[in-house]
Every structure is written in structure tokens, then in C-alpha cells.
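One-letter residues, chain by chain:
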Amino acid sequence: MLTRRIIPCFDVADGRVVKGIRFLNLRDAGDPVELARAYNDEGADELVFLDIRASPERRDTAIDMVRSIADEVFIPFTVGGGIRSPEDVRQMLESGADKVAINTAAVENADLVREAAERFGSQCIVVAIDAKRSAAGSWQVHTYGGVGGGTPVEIDAVDWAGRCADAGAGEILITGMDADGTQEGYDLELTRAVSEAVPVPVIASGGAGEPEHMYEAFVKGKADAALAASIFHFGTHRIREVKQYLAERDIPVRL
Amino acid sequence: MKVVIVDFGAGNLHSVSRAVVNAGTRPLVTSNPSYLEDAEAVIVPGVGAAADTMSNLRASGFVEPIRDYIASGRPFLGVCMGQQALFEVSEEGGEHECLGILPGRVVRFSNGLKVPHMGWNQVRIVKQHPIFEGVDDGSYFYFVHSYYPQPADPDVVIGETEYGVTFASVIARDNIVATQFHPEKSGEAGLRMYANFLKIAATAGVA
């Protein structure tokens, strides 16, 4: 049976993981390769690296990082942050990334998702959406999510997810901005609305603090994968422990 | 041992190459079909769409050399699109003629489940084969695909996976082995399959 995926997410800057990982006994907690290896051993199903300071000048550092991860890690990983053109996508894929996440640039360049999907295949194009609740049952897309709460744009998030899937996105990574950082659980209503609106897999993001939150993301949010950062990085819960918890509750996971 | 990875411009070569290195051999990644002439093992990887895969294979002059290579009886490994391309026809984006080495079609999931079939799923070993040495029945592998092969000859199916339907996730016939999943992205079990493939190739070279 296809399992639900647990995906740790790392913020990186200048080729280093920021926000130190506090629980694993690592020689260098900022080294993406060492972390990737450790999380692979922990039972992570995929990894996501978000370059929070991506810029054209820092491109070479990012590429070197992707290459060294790909050299050592034999599970899929996604790279996001600063992906603005099909050429950026090509560079990341050729360096060894399995997928790229496109966020702001998808909103600003209407053809990017379609072009990238046609050229490289839907399987490697993840559209990341940052969404904030604007009214009951309605969420507004925000761009530049990493910068001071993001910039609202006049696009409905659920509608946008559907359009991205139509354009060829192979997966939607949906972050509920109201829940993000709270560790009080994912925005389940948003996750579910997106999951029901698109025919492609959906990754829930933002708000995970307990194994129960992941269970809810799968059952109530109908997500295919759950992404989390702090809960794993701070050692609050181990990946295998979360997976055990899910398995005991009949959620199919890879143990 | 001369291990050749066919580069026809379709992604994930880096991972496949690293998996082969991990198994102890340095492969040659090449877009030059003439290297297939004295290759002792050939791997055709691939992600993306069937039409592109076939048109890229044609444009880069690999179609006949791959057919000749397989006909020569030397070990061949196809991965993902490299598996699908072995069949006669793919329905991806219309009807596309593939290599036609194995009878059968490549069809789309139409079971109402999410497509692509993306993530870790189990492979049930239906027929023992040296490629599975040290791989447990029911091991998890990483899949990303929207289409799957329907071999006309059920005898070629050595591994099966469930996703709304039961489909052929590993096939083998004579010197051919092919997987729908990505062993280079499937952790230990996948690396084991690369090691097994190289072992098969080393043994074939001795015989």
C-alpha cells in the first residue's frame, strides 16, 4: 500500500542549515549532508531544503550544496527558494535534486509552472503555496512568505492550487500561515480544501507540534504527506516514534 | 567492468550514477551510443514523459544500439521510463510507439486515486530472481509515475505493487531487468538492487 510520507524540512542559507538541530549527536549540525544522512537513518521519507536567502549571487553555493546532498543521500529530496525560471529548475535537477519547489515565482510568472512541467515532467515540480485565512472557508495566497509575514495577493489559495495542478504541478505543498510556528496543529480545513480540489498529492505544512497533528493532517486534512521542522529538529519527537504512533492508528507508513 | 548509463537528456542521472558508485563500480555516463558496443552492463534511467523519452532516445541515436545491445544477451537495467520504454506502446499523451522489446502497453492509472502515484510503496516478490537477493518481500521503494506497464506475457512479472490496481513494478526476461520505481531513491533496499545488478553483470561477464 502507498504510505503517507513524513517530510522534515530544513531552512538553509549559504549552503548551511540554520536553526540548529538540537537532539542528534552531530559533529556539525549545520552540515546539510550530515543532517540528511541522519534523518534518513531516522526514517524520513523525503527531505525538503528551503534556501531562505536565495539570490543569484548565492546560486553556486546552493548548487554545491545540492550536489553534495545528492552524492550521499539515497532518498528523494526537494529544493526550494529562489527558483524563478526553467533554467533555475534545470540547474537544481542536474545537480541532483529530485524536485524543486516553486512559490512566489509561480504567482509572478503565469507560465513558469507549465513550462517547467512540460520540460522536466510534472513529477519534479512542487508548487508551494503560503495561505492565510481571509474569511470563513477562504484563504488568500501570500508571496514572499519568508519576509515579514509575506505579501498578500488577490488570489484564492484553493483556486490557485487547482490552477497550478492544471498547469502541471505534480504536487502541492500547502502552508497554513495562521498555524505556522504555533505547533498547535496544521490548518486542517485548508489542507482538506486543497486536497479535495486537486488530483495530485498534497503536502500539509505549518503547525505540527505533536504526532497527533500529523494523524489529523492525514485523516481530517486528507493530506498525502506531512511536513514538519521544529518538532523534529528540537527532538520533541523522533520521526520513527511519530511513524509508530501513526501505524498504531492504521495510517500506512514506511517503518 | 564497463557499466554504461545512457544519457539521453532525461534527468536523475546523477543519482543513478551515484548508486552505481555506491555499489563499487564507476560507471560511464554517456550520450554517445557507440559506447554500448563493448559495454558489459547498460542502465537506461529516465523520468518525465514517454513521448519525450522516445523522441530523445531517437534523436540521440540510441534506439537501434539499445535493441542490438539487449539482443546480444548482455545485462540490461531499465528504471522508471527506462522500464516503460521497453514495451510496444505507451498511452501517455496519445499513442506513442516505444522500443517494442517486450509485448504490452503502458497505460494510465484510472482508479480515481491521486496521480502521480508518488511515494513509498511495497513490492511483492512474485518470482525469485538474483536482482532480489537480500531484498525482503514487501520492501518499500520510491515511486513517481502516472503510467504503468501491462505486459502481455505475465511470466515477465517478478514484482508487483498495489495502487488501486496491481501492476508490474519489477519485470525480468532473459538479460533484462526493469523497475517502475527508483531504486536509486529507495534507500538501502534500492542500493542493494544496484549491487545485485552489477553482480549479475559480473557473473555474466565471467560465463
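This structure is a prediction, so every number in the text was calculated from the model and none was measured.

S.K.: So, the packing of helix α2 (residues 59-72) of chain A against helix α3 (residues 86-95) of chain A: which residues are in play, and what are the values?
M.R.: Residue and element names in this part refer to chain A. Where α2 contacts α3, the axes come no closer than 8 Å and their chain directions differ by 35°. On α3, the residues that touch Arg-59, Ala-62, Ile-63, Val-66, Arg-67 and Ala-70 of α2 are Asp-88, Gln-91, Met-92 and Ser-95. Residues that form the contact of α2 with α3 fall into these classes: 5 nonpolar, 2 polar and 3 charged.

S.K.: Any details on the packing of aromatic side chains? Residues and values, ideally.
M.R.: In this description, an aromatic ring pair is defined by two values, namely the gap between the centres and the angle between the planes. Tallied over the full model, the rule gives 11 aromatic pairs over all chains. Geometrically, the ring pair formed by B:Phe143 and B:Phe181 is edge-to-face, given 5.4 Å between the ring centres and 70° between the ring planes. One end of the pair, B:Phe143, is in strand β10 (residues 140-145); the other, B:Phe181, is in the loop between β14 (176-179) and α5 (187-206), and 38 residues separate them in sequence. Per residue, the accessibility class of B:Phe143 equals that of B:Phe181, and both read buried. Each residue in the set B:Phe109, B:Phe141, B:Phe143, B:Tyr148, B:Tyr163, B:Phe167 and B:Phe181 is aromatic and connected to the rest through ring pairs, giving one cluster. The cationic tip of A:Arg249 hangs over the ring face of A:Tyr245; the distance from NZ or CZ to the ring centre is 3.7 Å.

S.K.: Got a sec to walk through the nonpolar core? Specific residues and values, please.
M.R.: It is characteristic of soluble globular proteins that their nonpolar side chains tend to be buried jointly. Within the largest apolar cluster, 81 residues are counted, with the highest numbers of intra-cluster contacts made by A:Leu47, A:Ile129, A:Ile172 and A:Met214. Top element by residues in this core is helix α6 (residues 157-167) of chain A. It accounts for 7 residues. In contact with A:Ile129, not counting residues within four places along its chain, are A:Val141, A:Ala157, A:Trp160, A:Ala161, A:Ile172, A:Leu173, A:Ile174 and A:Thr175. By size, the runner-up hydrophobic cluster in this structure holds 37 residues, among which are B:Ile5, B:Val79, B:Met193 and B:Tyr194.

S.K.: How would you sum up the interface of chain A and chain B? Please name residues and give values.
M.R.: Contacts between the two partners involve 35 residues from chain A and, on the opposite side, 26 residues from chain B. For the pair chain A and chain B, the two sides together bury roughly 2,400 Å², of which 56% comes from carbon and sulfur. Looking at the side of chain A facing chain B, the largest losses of area belong to A:Leu2, A:Phe74 and A:Gln123, adding up to 32% of the total buried there. The interface formed by chain A and chain B includes 3 salt bridges. B:Arg18 is paired through a salt bridge with A:Asp71; the nearest N and O atoms lie 3.6 Å apart. In this assembly, chain A and chain B are joined by 17 residue pairs in polar contact (both at pLDDT 80 or more). Contributions of two or more residues to the side of chain A that touches chain B are made by α2, α3 and α5 (112-120) of chain A. Tallying contributions element by element places α2(A) first for the side of chain A that touches chain B, with 3 residues.

S.K.: Lay out the environment of B:Pro149 with the relevant residues and their values.
M.R.: Relative to the assigned elements, B:Pro149 resides in strand β11 (residues 147-151). Residues in contact with B:Pro149, not counting those within four places in the same chain, are B:Gln83, B:Phe87, B:Arg105, B:Val106, B:Ala168 and B:Gln180.

S.K.: Mind laying out the pattern of salt bridges, listing which residues take part and the relevant values?
M.R.: Applying the stated criterion across every chain, the model contains 32 salt bridges over all chains. A:Asp159 is the partner of A:Arg163 in a salt bridge, and the nearest nitrogen-oxygen pair spans 3.3 Å. Of this pair, A:Arg163 and A:Asp159 both sit in helix α6, separated by 4 residues, roughly a single helical turn. For B:Asp174, the salt bridge goes to B:Arg173, with nearest N and O atoms at 3.7 Å. With relative accessibility at 70%, the residue B:Asp174 sits in the exposed group. By relative accessible area, B:Arg173 is classed as partly exposed at 31%. Within this structure, A:Arg5, A:Glu46, A:Lys99 and A:Glu171 form a network of salt bridges that share partners.

S.K.: So what about the pairing of strand β13 (residues 165-173) of chain B? Which residues, and what values?
M.R.: Walk down a regular strand and you will see the side chains alternate between the two sheet faces. Residues and elements named next belong to chain B. Where strand β12 (residues 157-163) meets β13, 6 bridges bridge the pair, whose relative direction is antiparallel. Looking across to β13, one finds that Thr-161 is bridged to Phe-167. Taking the residues between adjacent antiparallel strands as the criterion, β12 and β13 are bridged by 1 residue, where Gly-164 takes a positive phi near 75°. Judged from the 4 bridges that link them, β13 and β14 form a sheet pairing that is antiparallel. Its bridge partner being in β14, Ile-171 is matched across the sheet by Ala-178. The antiparallel hairpin formed by β13 and β14 contains 2 residues in its connecting segment, where Asp-174 sits at a positive phi of about 50°.

What counts, and at which threshold
Residues numbered from 1 in each chain as written. Chains lettered and ligands numbered in written order. Predicted model: local features only at pLDDT ≥ 70, side-chain atom pairs only at ≥ 80, totals over all residues. Heavy atoms only, no water. Axes fitted to C-alpha atoms, helices over the stretch in contact; angles between N-to-C directions. Helix = DSSP H or I, 4+ residues; strand = E, 2+ residues; numbered from the N terminus. Contact = heavy atoms within 4.5 Å. Nonpolar A, V, L, I, M, F, W, Y, C, P; charged D, E, K, R; others polar. Phe/Tyr/Trp six-rings, centres within 6.5 Å; stacked < 30°, edge-to-face > 60°. Buried < 20%, exposed > 50% of the residue type's maximum accessible area, 1.4 Å probe, protein only. Lys NZ or Arg CZ within 6 Å of the ring centre and 35° of its normal. Core = buried A, V, L, I, M, F, W, Y, C linked by side-chain atoms within 4.5 Å. Buried area = accessible area lost by both parts, 1.4 Å probe. Salt bridge = Lys/Arg side-chain N within 4 Å of Asp/Glu carboxyl O. Polar contact = N/O pair within 3.5 Å; in protein donor to acceptor, adjacent residues only side chain to side chain. Pairing = 2+ DSSP bridges.

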